Amino acid sequence: MIGDDQRGWAWTRALQGLPANEIHLCGDASALPLVRQMCEDMGEPLSVLNYDRFTGLEIQPGALQRDYSSVEPGDCIVAFSRRDIFDIKTNIERRTNHKCCVIYGALPPEMRRHQAALFNEPNNGFDILVASDAVGMGLNLNIRRVIFHKVEKFEGYNTIPVSTSQIKQIAGKPLSSDCPASGALVPLCCKSCCFNTNSDMNRLQSKVCK
């Protein structure tokens, strides 16, 4: 996210301005050249530790073809407007037996934590999550699959593609976790797909594989 056109400033300000003797950054290796250059410019030392992902990142072979009746427990549908989030929630609850939790940026922190806990709790019926890109930041969630409602969003006066950094941040959200279905610690593959069409799938594939 440090290289993101819209949000990179906040990460840059934190890296350059935190009153700490040592700062630990965790993220994708694609951010390393930028972080290394910043450290060189500030005259600060940089140590790099590389870790392997516990899980793979897999793009499903086809989109849902605009049909949310096929959602499965543990799915997280990501949309980039509050109206879309609640429309999707209503659509799923009307057409299936699933109940949905919602998470978005303007939701108060205590409500975000409550919705996350509700989604993570097994066997309570709330087994689908509908969320904004806020889902990729600071919450531990038992997500099995990420479904992108769209791979573009409205920004100001225009509709723009979702950035590669945001796509990767969100698509990599599913992790090894306490699986609600089995109650066991299992390695979950990070699966992602799209709601609309296979053209969106191609765009998703190209961004994740960058």
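Going by the structure above, here's the rest.
Described in the following lines is the structure provided in the data block. Computed from a predicted structure; not experimentally measured.

In terms of helices and strands, the protein carries six helices and ten strands. Here the protein holds 210 residues, and the buried ones make up 40% of them. Of the contacts made within the protein by residues no fewer than 6 positions apart, 69% connect residues no fewer than 24 positions apart. For the protein, the exposed surface amounts to about 12,400 Å²; the carbon and sulfur share of it is 51%.

Counting through the fold element by element, Q115 comes out in helix α4 (residues 109-120). Along the sequence, Q115 and C101 sit 14 residues apart, while their C-alpha atoms lie 5.7 Å from each other. With residues near it in sequence (within four places) discarded, Q115 still touches C101, V102, I103 and L107.

Mapped onto the secondary structure, D133 falls in the loop between β4 (126-131) and β5 (145-148). Given a relative accessible area of 10%, D133 falls into the buried group. Setting aside its immediate chain neighbours within four residues, D133 contacts R7, V78, A79, F80, Q166 and I170.

In contact at an axis separation of 11 Å, helix α1 (residues 8-17) and helix α2 (residues 32-42) are set at 40 degrees when each is read in the N-to-C sense. When the axes of α1 and α2 are compared, the pair comes out oblique. Regarding α1 and α2, the two cross each other, and that crossing is right-handed. Residues T12, L15 and Q16 of α1 touch α2, and the partners they reach there are V35, M38 and M42. Split into classes, the residues belonging to the contact of α1 with α2 amount to four nonpolar, two polar and no charged.

With that settled, the discussion passes to helix α5 (residues 164-171). Helical periodicity: at 3.6 residues per turn, an α-helix aligns residues three or four positions apart in one direction. Most of α5 is tucked away: six of the eight residues are buried. Of all the positions in α5, only T164, Q166, I167, K168, I170 and A171 are classed as buried.

A separate point is the environment of T164. With respect to the helices and strands, the residue T164 is situated in helix α5. In sequence terms T164 and D4 are 160 residues apart; their C-alpha atoms lie 8.5 Å from each other.

Here we take up a nonpolar patch on the surface. A cluster of nonpolar side chains, contributed by L18, I23 and L25, occupies part of the molecular surface with about 250 Å² of accessible area. Inspection of the secondary structure puts L18 in the loop between α1 and α2.

Looking now at the packing of aromatic side chains. The full count for this structure, using the stated rule, is one aromatic pair. Judged by centre distance (5.8 Å) and plane angle (70 degrees), the rings of F86 and Y104 are edge-to-face. With F86 in helix α3 (residues 82-95) and Y104 in the loop between β3 (99-103) and α4, this residue pair connects regions lying 18 residues apart in the sequence.

Where strand β6 (residues 152-155) and strand β7 (residues 158-161) come together, four bridges link them in antiparallel fashion. Bridge assignment links E155 to a residue of β7, and that residue is N158. Taking the residues between adjacent antiparallel strands as the criterion, β6 and β7 are bridged by two residues, where G156 takes a positive phi near 70 degrees.

Here the focus is the side chain of T96. Among the secondary structure elements, T96 is positioned in the loop between α3 and β3. Here the side chain of T96 touches I92 through a polar contact of 2.7 Å, landing on its backbone oxygen. A polar atom in the side chain of T96 sits 3.1 Å from the backbone nitrogen of H98.

Criteria and cut-off values
Residues numbered from 1 in each chain as written. Predicted model: local features only at pLDDT ≥ 70, side-chain atom pairs only at ≥ 80, totals over all residues. Heavy atoms only, no water. Helix = DSSP H or I, 4+ residues; strand = E, 2+ residues; numbered from the N terminus. Buried < 20%, exposed > 50% of the residue type's maximum accessible area, 1.4 Å probe, protein only. Contact = heavy atoms within 4.5 Å. Areas by Shrake-Rupley, 256 points an atom, 1.4 Å probe, with all protein chains shown as cover. Axes fitted to C-alpha atoms, helices over the stretch in contact; angles between N-to-C directions. Parallel < 35°, antiparallel > 145°, perpendicular 65-115°, else oblique. Left-handed = near helix turned anticlockwise from the far one by under 90°. Nonpolar A, V, L, I, M, F, W, Y, C, P; charged D, E, K, R; others polar. Patch = residues over 30% accessible without salt bridge, like charges linked within 9 Å, V, L, I, M, F, W, Y side chains within 5 Å. Salt bridge = Lys/Arg side-chain N within 4 Å of Asp/Glu carboxyl O. Phe/Tyr/Trp six-rings, centres within 6.5 Å; stacked < 30°, edge-to-face > 60°. Pairing = 2+ DSSP bridges. Polar contact = N/O pair within 3.5 Å; in protein donor to acceptor, adjacent residues only side chain to side chain.

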